[in-house]
Amino acid sequence: QAQVVESGGDLVQPGGSLRLSCEASGFALDGHTVGWFREVPGQEREGVACISINGDITNYEDFVKGRFTISRDNAKRTFYLQMNSLKPEDTAVYYCNALVDGVNYWGKGTLVTVSS
């Protein structure tokens, strides 16, 4: 069964860094675009970043450009979100997503809290 599982969320101070990981299982990660989303309670889930099949194209929402970097290691079936210069407004549950054969697979999320 295809699934993706996030890890790496934590409490971090403003200005700090975290790296989130998303491990895929049940399907080959190569051949699929993947991305990261986030959700604050009471608000809609929003896109953060996505990366193309072989990693040569990335897209970021304006609010993370220059601070976050998405990457992937298809051999390890894992993709990442490096988050630098974190701000309190980055506090959210972060979800990874993979679109596989027309089906969206979501992880259960990992909580990132940015607070002093």
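The structure reproduced in this document is the subject of the present report.

Digging into the environment of Gly15
Phase 1 of the analysis: Within the element layout of this structure, Gly15 appears in the loop between strand E2 (11-12) and strand E3 (18-25).
Phase 2 of the analysis: Taking the relative accessible area as the measure of exposure, Gly15 reaches 54% and is therefore exposed.
Phase 3 of the analysis: Counting along the chain gives 40 residues from Gly15 to Gly55, while the straight-line C-alpha distance between them is 27 Å.
Phase 4 of the analysis: Not counting residues within four places of it along the chain, the set of residues in contact with Gly15 comprises Ser85 and Leu86.

Observations regarding the pairing of strand E9 (residues 92-100)
Phase 1 of the analysis: Counting buried positions over the nine residues of E9 gives seven, a clear majority of the element.
Phase 2 of the analysis: Sheet topology note: the strand E4 (residues 34-39)/E9 ladder contains six bridges and is antiparallel. Bridging across to E9, Arg38 finds its partner in Tyr94.
Phase 3 of the analysis: As paired elements, E9 and strand E11 (residues 110-114) share three bridges and run antiparallel to each other.

Examining the state of the cysteines
Phase 1 of the analysis: Counted under the stated rule, the structure contains one disulfide.
Phase 2 of the analysis: There is a disulfide in this structure between Cys22 and Cys96, and the S-S distance comes to 2.0 Å. Across the S-S bond linking Cys22 and Cys96, the dihedral sits near 55°, which makes this disulfide right-handed. Here Cys22, found in strand E3, pairs with Cys96, found in strand E9; they are 74 residues apart in sequence, far enough to count as distant.
Phase 3 of the analysis: The class of Cys22 is buried, set by a relative accessible area of 0%.
Phase 4 of the analysis: Cys50 takes part in no disulfide bond, and the closest cysteine sulfur to it belongs to Cys96, at a distance of 14 Å.

Here's the deal with the nonpolar core
Phase 1 of the analysis: Judged by nonpolar contacts, the single largest core of 28 residues is most densely connected at Phe27, Trp36, Val48, Phe68, Leu81, Met83 and Tyr94.
Phase 2 of the analysis: When residues of this core are traced back to their parent elements, those giving at least two are E3, E4, strand E5 (46-51), strand E7 (68-73), strand E8 (78-83), E9 and E11.
Phase 3 of the analysis: Setting aside chain neighbours within four positions, we find Val48 in contact with Trp36, Phe37, Arg38, Asn59, Tyr60, Glu61, Val64, Phe68, Leu81 and Tyr94.

Brief notes about the packing of aromatic side chains
Phase 1 of the analysis: For the structure on display, the rule yields three aromatic pairs.
Phase 2 of the analysis: Ring centres of Phe37 and Trp106 lie 4.8 Å apart, and the angle between their planes is 70°; this geometry places the pair in the edge-to-face category. On the criterion of sequence distance, the pair formed by Phe37 in strand E4 and Trp106 in strand E10 (residues 103-106) is long-range, its members being 69 residues apart.
Phase 3 of the analysis: The class of Trp106 is partly exposed, set by a relative accessible area of 36%.

Here's the deal with the sheet that holds E7
Sheet strands associate in pairs through backbone hydrogen bonding, adopting either a parallel or an antiparallel arrangement.
Phase 1 of the analysis: In spatial order, the strands read E1-E3-E8-E7; together these four strands make up an open sheet with antiparallel pairing. A strand with exactly one partner marks an edge of an open sheet, and here the two such strands are strand E1 (3-7) and E7. Within the sheet, the average angular offset between the axes of one strand and its neighbour, ignoring direction, is 15°.

Criteria and cut-off values
- Residues numbered from 1 in each chain as written.
- Predicted model: local features only at pLDDT ≥ 70, side-chain atom pairs only at ≥ 80, totals over all residues.
- Heavy atoms only, no water.
- Helix = DSSP H or I, 4+ residues; strand = E, 2+ residues; numbered from the N terminus.
- Buried < 20%, exposed > 50% of the residue type's maximum accessible area, 1.4 Å probe, protein only.
- Contact = heavy atoms within 4.5 Å.
- Pairing = 2+ DSSP bridges.
- Disulfide = S-S within 2.5 Å.
- Core = buried A, V, L, I, M, F, W, Y, C linked by side-chain atoms within 4.5 Å.
- Phe/Tyr/Trp six-rings, centres within 6.5 Å; stacked < 30°, edge-to-face > 60°.
- Axes fitted to C-alpha atoms, helices over the stretch in contact; angles between N-to-C directions.

Purely geometric stuff here, so don't read any function into it on its own.
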